[in-house]
Amino acid sequence: MTQPIRIHNDPGVILELLNLRTVFETRGGTVRAVNGISFYTRNDTVLGVVGESGCGKTVMAHSILRTVDPMGGKVADGNIFFRRKNGEVVDIASLPSEGRQLRSLRGSEISMIFQEPMTAFSPVYTIGQQIMEVITLHQKIPSRQAKAKAIEMLGRVSIPKPEVRVDAYPHQLSGGMRQRAMIAMALSCQPKLLIADEPTTALDVTIQAQILELMVALQREFEMNIIMITHDLGVIAELATDVVVMYLGSIVEKAPVGEVYSNPKHPYTKALQESIPRVEGSVSKKLATISGSVPSAKNIPPGCPFHPRCREFMQGQCDVHVPTLETLSADHTVACWLYGGGE
Amino acid sequence: MAQNTQGVEATKDPKQLRYETASQWQLMWWKFLDHKLAVISTAVVILLLLIAAFAEFVAPQDPYIHRSQFVNAPPQVIRFWDENGFSLRPFVHDYERERDMRTLRTIYTFDTDSRIYLRFFVEGTEYELFSLIPSSVRLFGTESGEPVFLFGADRLGRDLFSRVIYGTRISMTIGFIGVVLSFVLGITIGGLAGYYGGIIDTIVQRIIELLMSIPTIPLWMGLAAAVPRDWSNVQVYFAITIILSLIGWTNLARVVRSQFLSLREEDFVMAAQLMGASKFRVVFLHMLPSFISYVIAAVTLAIPTMILTETALSFLGLGLRPPTISWGVLLQEAQNIRSVALTPWLMIPGLFVVIAVLSLNFVGDGLRDAADPYTQ
Amino acid sequence: MQSAAAVHDEQVLLKVDDLKKYFPIRRGFIKRTIGHVKAVDEVSFSVRAGETLGVVGESGCGKTTTARLIMQAFPVTGGTIQLRRNSGNLEDITGLNSRELYFLRREIQMVFQDPYASLNPRMTVRDLLTEPLVIHRIGTSQERERRAREMLDLVGLQQEYLNRYPHAFSGGQRQRLGIARAIIMNPKLVVCDEPVSALDVSVQAQILNLLEDLQTELGLTYIFIAHDLSVVRHVCDRVAVMYVGKLVEFAEVELLFSKPKHPYTEALLSAVPVSNPSLRKERIMLGGEVADPANPPSGCYFHPRCTYKKAICETEEPEFTLVSEDTTSMVRCHRAAELSLKGVPSVRDMPQP
């Protein structure tokens, strides 16, 4: 299986994963959390990664930052090509764990925000101190200037009275404000890539709307890329430009956002679309369901990982052979035997 | 309702089925077995408990018999071969005595030409197992009936090995019984505080804090010194046990209380209450089984502390007193530099303390890790 | 205060009037009460037999406290909760003694949010399902087991599961067990506290359909607590919207979604991400955050965030009243009659996915 490495030929590509595999060794056996995924993301896009629990979306994010290593995981195979600010392309998968090169990337070129900002902030320092730490770690500037920068960042994420809030401790802020502060910290070094792991899942719907709008605005302002990881198809529809659908460690479909919603190809994507209740009203009262539940990543079914739950399962094909990503049109790829995936 | 069927068959795979029908205790057992050190330590602890139970049988001699000709005799080594060749039957060399004319001490050497053969299940002096069954069979002894001193002898010529065996009984039981008492106190008081909360909880918390703020060593020493000198051995034994558990319960009460507090908030406890379950049912069917494993782990970890404290008190002469034999009492013999230099084998009881404490700690660690089999 | 809807009295299964729950705020060494959090305040609504009533709102709005009050998990501070008991009469269930509560439990049951926490992991499916019957001394052990098997069939699980423990099951399967346990005593009313929000997206639909099927089959009445408006629109017949402990709007589901009457409802609807990128829309963005129920604003609690506020909103608290004579919708807003608020587009206006 050889795929063209785009990032070397196309300067618009800033991140490209090639056949990435991340595994966790546990007592119960090897967990193949990310099981050979490849995709690339181009400049100025918001890439939505959508999937259910256990699909490997969070592990994939931590693999890109190589923060899976301390979690007990290991990037077992594949490449993570990333174009640095100076244009140089590095393979993050091959960098030494916790080495200087890796640390210089984190926070300054690739940042990450999490579902629960309370766990990402230390409770014993003010948010100002923590933002300043990130700034001074990557830039040699005096602390007065760093503090001014921290206040400026807090202002840019629309925190009211940033010059006061800069001295607040994380627990003194509400959930929405903490998430804003988290974003301010993540953006303080103008990264090229922001990975957001379910940033609004813990928030109320009105606060979620505020944060999503803020992220869209900041993406334009900072000219960065966002990888938005979520289980909520609604969130994806609101701000993504391209979508990757994951299931049990594999990518089943990748397409521009409009295509995914108007012309989904993979049976999983289709079923997911039909099974979610919609606020804009549903045609029928009965929801379509996907039978069964997501299997454990400890024993991924052979062949296509979705075949035991698939409505269009083909005996002898889907349960034996693993489909590969097939290109249907310029930007639309799908891994399914219905579309002749594989050789 | 066909549309609701899961599409996932109930498993027929016996291994998976065994896991799916495994109770809390089975899951804990499997998790405990993964902790190799804890498993080995459990074997050691069981061995020590067996020794404690069958001390009369295991000890080759009566631990109180003085033999003036063996005063301060060094340990005899069990051998299968010497200069005179190999023997299938284990033996020890006999002692040869000389007298140092300057210090008038007996100097022991071994007669390498002599062989005293050892045998299992020999007839020895009479004893009553569990104070009930009269017997005279000992686990091992010499064919000739000569005494054998595997750990040497003390200043009265008593067999240290037999004394350590008898000491195991007292030291181990004092830990276990003390812990049972703390357990009862801790679970009752902690349970009351945790279940009722409010003013009862506040009072209990303050009492525990008060007890914990008293420096333990002086407190123990004070209490132990208050034990009347004319009490019998049995009375002193129980007095010391009570003193140990009086302090030990505070930690357990805290464990129980915090478990109660966190379980009260659990959905399944709320669910039981909203089903109309009585308080009794909620506590004994839902809450107790959920935290008993944590309490057992905490209890196991409390035993070594008890053993160490008994040893320390007895060593200082404030705990058990001769003729009672415990590891601490035995160590009292090794208190001065002279005995350490001339009769270092008197410190062997200390080795037993270390082994017992380490093993119990490892077992406790294993239990603590296995206490919640539902994570992950 | 007027009753929630002008429904015929016989249809009403549960009637909540002026419900209040204040939690004391204690400070200092002797735990002196220095104030109250009005978790639920002046809440009135009614539930008709056989319907699904949705209660929605953001975290801290008091929806879960309302559910627990109806379950009588703790006493009310004020107001009444009337349930149509087996006698056929509406009876107040607040302030019952423990024996009366025990009998009440047969008639109201609850489905919890977290299927992992709400099933005792140390009990087999048999013990879990039969526990309500054991507590209420219903049937012999064979009869209980037979009933448990029936329940497994009903919720779409296999009877072989009877001997297994909860750790053998996935989240969706566990929620089925939770539902089976709730309905095994044939309750009249089932309070569902966010029953699908902890589940995977692909499993949610199974559980929602199951709840609907059971309702048709057994004639159950649900109170459905949720924060997800799409789920509410799908399963509920009428919806109560709560904000900082108070009911701000109560209406038929279609009416509420298409013609909201309270500015908060409008903003809430507008904030829901629409899973159709061609419908990306201009939002009514609510500024600020949900008010602190321990220290609520003056006048209408919503006024600091409201885009339609007038002077009166800051000083005077609006009453919870009928919007107009010809509807059954109730709203707590000074300007309800004059405002024309925007709902979510209905299905016909949008391109089909």
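The numbering scheme is per chain: residues are counted from 1 as the chain's sequence reads. By the order in which they are written, chains take letters starting at A while ligands take numbers starting at 1. Only residues with pLDDT of at least 70 are given local features in this predicted model, and only at 80 or more are side-chain atom pairs given and counted; all residues enter the totals for whole chains, interfaces and linings. Working from all heavy atoms in the structure, the side-chain values ignore hydrogens and water.

1. Overview of the overall build of chain A
Threshold: Numbering of helices and strands starts at the N terminus; helices are DSSP runs of H or I of at least 4 residues and strands are runs of E of at least 2. Our radius of gyration is a C-alpha quantity, and the globule rule it is checked against amounts to 2.2 Å times the number of residues to the power 0.38. The classification of residues rests on relative accessible area computed with a 1.4 Å probe and restricted to protein chains. Under 20% of the type maximum is buried, over 50% is exposed, and intermediate values are partly exposed. Should any heavy atoms of two residues lie within 4.5 Å, those residues are considered in contact. Every accessible area reported is derived by Shrake-Rupley at a probe size of 1.4 Å, with residue values counting cover from the shown protein chains alone.
Assigned secondary structure in chain A consists of 11 helices and 12 strands. Relative to a compact globule of 343 residues, whose C-alpha radius of gyration would be 20 Å, chain A shows 21 Å and is just as compact. In terms of its C-alpha atoms, chain A occupies a principal-axis envelope of roughly 65 × 50 × 45 Å. For chain A, with 343 residues in total, the buried portion stands at 58%. Within chain A, contacts between residues separated by at least 24 positions form 64% of all contacts whose residues are at least 6 apart in sequence. As displayed, chain A offers around 13700 Å² of accessible surface, 51% of which is attributable to carbon and sulfur atoms.

2. So, the overall build of chain C
Assigned secondary structure in chain C consists of 10 helices and 12 strands. Scaling as 2.2 N^0.38, a compact globule of 353 residues should have a C-alpha radius of gyration of about 20 Å, and chain C matches this with 21 Å. C-alpha atoms of chain C, sized along the principal axes, occupy 65 × 60 × 45 Å. Counting the 353 residues in chain C, one finds 60% classified as buried.

3. A look at the sheet that holds strand β9 (residues 238-243) of chain C
All names here are of chain C. So the rule is basically this: The pairing criterion for strands is at least two bridges between them, as found by DSSP. Note on geometry: axes are C-alpha line fits, over the in-contact stretch for helices, and angles between N-to-C directions span 0 to 180 degrees.
Spatial strand order, β6-β7-β8-β3-β9-β10-β12-β11: 8 strands in an open sheet with mixed pairing. Only two strands of the sheet have a single partner each, and these edge strands are β6 (108-111) and β11 (321-322). Across 4 bridges, the pairing between strand β3 (residues 52-56) and β9 is parallel. Across the sheet, residue Gly54 finds its bridge partner in β9, namely Val239. Sheet strands touched by helix α9 (residues 263-271): β9 and β10 (246-252). Its angle to β9, the strand with the most contacts, is close to 100°.

4. Considerations on the packing of helix α3 (residues 125-135) of chain C against helix α4 (residues 141-154) of chain C
Residues and elements named next belong to chain C. Cut-off, in case you're wondering: By definition, any crossing whose near helix is turned counterclockwise from its far helix by less than a right angle is left-handed, and any crossing with a clockwise turn is right-handed.
Contact pair α3 / α4: the axes reach a minimum separation of 9 Å and the direction vectors enclose 115°. As α3 packs across α4, the resulting crossing turns out to be right-handed. Where α3 abuts α4, its residues Val125, Arg126, Leu129, Thr130, Leu133 and Val134 lie against Arg144, Glu145, Arg147, Ala148 and Leu152.

5. Quick look at the side chain of Glu58 of chain C
One can find Glu58 of chain C in the loop between β3 and α1 (63-70). Not counting residues within four places of it along the chain, the set of residues in contact with Glu58 of chain C comprises Asp204, Val205, Thr206 and Ile207 of chain A together with Lys63, Tyr243, Tyr264, Leu268, Val290 and Arg305 of chain C.

6. Points about helix α8 (residues 205-222) of chain A
Residue and element names in this part refer to chain A. Quick note on the threshold: Residue count minus one, scaled by 1.5 Å, sets the expected span of a helix.
The first and last C-alpha atoms of α8 sit 25 Å apart over 18 residues, in line with the 26 Å expected at 1.5 Å per residue. By the criterion of burial, α8 is predominantly enclosed, with 13 of the 18 residues buried. Two residues or fewer after α8 comes Glu223, characterised by a positive phi angle close to 50°.

7. A look at the pairing of strand β7 (residues 189-193) of chain C
Residues and elements named next belong to chain C. To be explicit about the condition: When the strands point away from the viewer and the connection leading from the first strand across the helix to the second strand turns clockwise, the crossover is called right-handed.
With respect to burial, β7 is a largely interior element, 5 of its 5 residues being buried. Alternating residues of β7 divide into Leu189, Val191 and Asp193 and Val190 and Cys192, and every residue in both groups is buried. Note that β6 and β7 share 4 bridges and pair parallel. Paired with Gln109 across the bridge in β7 is Val190. Note that β7 and strand β8 (residues 221-226) share 5 bridges and pair parallel. Each residue of the ladder has a partner; that of Val191, found in β8, is Ile223. Viewed along the sheet, the connection from β7 through helix α6 (residues 201-218) into β8 turns out right-handed.

8. Focus: the confidence of the model for chain C
Residue and element names in this part refer to chain C. Operational definition: For every residue, the pLDDT score states the predictor's confidence, bounded by 0 at the bottom and 100 at the top.
A residue-level look at chain C finds 93% of positions with pLDDT of 70 or above and a mean pLDDT of 86. Scored below 50 in pLDDT, residues 1-7 makes 18 contacts in the model with residues more than four places away or belonging to other chains. In the model, residues 348-353 has pLDDT below 50 throughout and makes 11 contacts with residues more than four positions away in sequence or in other chains. Across the assembled chains, the prediction reports ipTM 0.85 with pTM 0.83.

9. With respect to the interface of chain A and chain C
Under the convention used in this document: Pairing of N or O atoms within 3.5 Å defines a polar contact, subject to two protein rules: one partner must be a possible hydrogen donor and the other a possible acceptor, and residues neighboring in sequence count only if both atoms are side-chain atoms. Side-chain classes are defined by residue name, with Ala, Val, Leu, Ile, Met, Phe, Trp, Tyr, Cys and Pro counting as nonpolar, Asp, Glu, Lys and Arg as charged, and the others, Gly among them, as polar.
With 48 residues of chain A in contact, the opposing surface of chain C contributes 45 residues. Here chain A is connected to chain C by 8 residue pairs in polar contact (both at pLDDT 80 or more). Of all the secondary-structure elements, those providing two or more residues to the side of chain A that touches chain C are α7 (175-187), α8, α9 (233-239), α10 (257-262) and α11 (267-275) of chain A. Of the residues contributing to the side of chain A that touches chain C, the split by class is 21 nonpolar, 18 polar and 9 charged.

10. What to know about the packing of aromatic side chains
Our working definition: Each Phe, Tyr or Trp ring, with Trp reduced to its six-membered ring, pairs with another whose centre is within 6.5 Å; inter-plane angles below 30 degrees give stacked pairs, above 60 give edge-to-face pairs, and intermediate values give tilted ones.
All chains considered together, the criterion is met by 28 aromatic pairs over all chains. Aromatic pair Phe260 of chain B and Phe291 of chain B: ring centres 5.2 Å apart, planes at 55°, arrangement tilted. Linking Phe260 of chain B in helix α8 (residues 233-264) with Phe291 of chain B in helix α10 (residues 279-315), this pair joins segments that are 31 residues apart in sequence. Side by side, Phe260 of chain B and Phe291 of chain B carry an identical accessibility label, which is buried. Both rings, one in Tyr161 of chain C and one in Phe169 of chain C, keep their centres 4.9 Å apart while their planes meet at 80°; by these two values the pair is edge-to-face.

11. Section: the domain arrangement of chain C
Residues and elements named next belong to chain C. Threshold: Residue ranges labeled as domains rest on an automatic or database domain assignment. Here the quantity called buried area is the total loss of accessible area, with a 1.4 Å probe, experienced by two parts when brought into contact, counted for both. Salt bridge criterion: a side-chain nitrogen from Lys or Arg within 4 Å of a carboxyl oxygen from Asp or Glu.
When cut into domains, chain C gives domain 1 (12-107 + 189-204 + 214-288 + 318-348) and domain 2 (118-186). A separation of 29 Å is found between the C-alpha centroids of domain 1 and domain 2. Listed as interface residues are 11 residues of domain 1 and, on the opposing side, 11 residues of domain 2. For the pairing of domain 1 and domain 2, the buried interface totals around 980 Å² over both sides, and the portion due to carbon and sulfur atoms is 69%. Among the residues domain 1 hides against domain 2, the three largest losses belong to Tyr102, Arg106 and Leu214. Together they make up 49% of the total. Viewed at the interface, domain 2 and domain 1 are joined by 0 salt bridges. Here domain 1 is connected to domain 2 by 3 residue pairs in polar contact (both at pLDDT 80 or more). The greatest single-element share of the side of domain 1 that touches domain 2, amounting to 4 residues, is contributed by α6.

12. As for the sheet that holds strand β9 (residues 242-247) of chain A
Residues and elements named next belong to chain A. As summarised here, the arrangement of the 8 strands in space is β6-β7-β8-β3-β9-β10-β12-β11, forming an open sheet in which the pairing is mixed. Each having just a single partner strand, β6 (110-113) and β11 (326-329) make up the two edges of the open sheet. For this sheet, the mean inter-axis angle between neighbouring strands, taken without regard to orientation, is 20°. Where β6 lies against strand β7 (residues 193-197), 4 bridges are found, and the strand directions are parallel. When the bridges of β7 are listed, Ile113 appears paired with Ala196. Across the sheet, α8 is in contact with β3 (46-50), β6, β7 and β8 (225-230); its angle to β8 comes to roughly 155°. This element, α11, spans β9 and β10 (250-256) of the sheet and lies at about 100° to β9.

13. Here we look at the packing of α10 of chain B against helix α13 (residues 348-370) of chain B
All names here are of chain B. To be explicit about the condition: Orientation categories follow fixed angle ranges, with anything under 35 degrees roughly parallel, anything over 145 roughly antiparallel, 65 to 115 roughly perpendicular, and all other angles oblique.
With their axes 7 Å apart at the nearest point, α10 and α13 run at an angle of 165° to one another. Our classification of the angle between α10 and α13 gives roughly antiparallel. Crossing handedness for the pair α10 and α13: left-handed. Touching Ile296, Ala297, Thr300, Leu301, Ile303, Pro304, Ile307, Leu308 and Thr311 of α10 are Val353, Val357, Leu360, Asn361, Val363, Gly364, Asp365, Leu367 and Arg368, all from α13. Partitioning the contact of α10 with α13 into residue classes produces 12 nonpolar, 4 polar and 2 charged.

14. Focus on the environment of Tyr222 of chain C
All names here are of chain C. As for its placement among the helices and strands, Tyr222 is situated in strand β8. What makes Tyr222 buried here is its relative accessible area of 4%. The sequence separation of Tyr222 and Glu212 amounts to 10 residues, and the corresponding C-alpha distance is 9.8 Å. Setting aside chain neighbours within four positions, we find Tyr222 in contact with Glu51, Thr52, Leu53, Leu189, Val190, Cys192, Leu211, Leu214 and Gln215. A polar contact is formed between the side chain of Tyr222 and the backbone oxygen of Leu211, at a distance of 2.6 Å.

15. Comments concerning the pattern of salt bridges
In total, this model carries 38 salt bridges over all chains according to the counting rule given. Linking Arg164 of chain C and Glu20 of chain B is a salt bridge whose minimum nitrogen-to-oxygen distance equals 2.6 Å. Of this pair, Arg164 of chain C sits in the loop between α4 and α5 (171-183) while Glu20 of chain B sits in helix α1 (residues 14-20), which puts the two residues in different chains. With respect to burial, Arg164 of chain C and Glu20 of chain B carry one shared label: buried. Put simply, Glu252 of chain C and Arg48 of chain C hold a salt bridge, and the shortest N to O gap is 3.6 Å. Taken as a pair, Glu252 of chain C in strand β10 and Arg48 of chain C in strand β2 (residues 32-48) lie far apart in primary sequence, 204 residues in all. Judged by its relative accessible area of 28%, Glu252 of chain C is partly exposed. Taking the relative accessible area as the measure of exposure, Arg48 of chain C reaches 19% and is therefore buried. Salt bridges linked by common partners bring Asp41, Glu42, Lys246, Glu317 and Arg332 of chain C together as one network.

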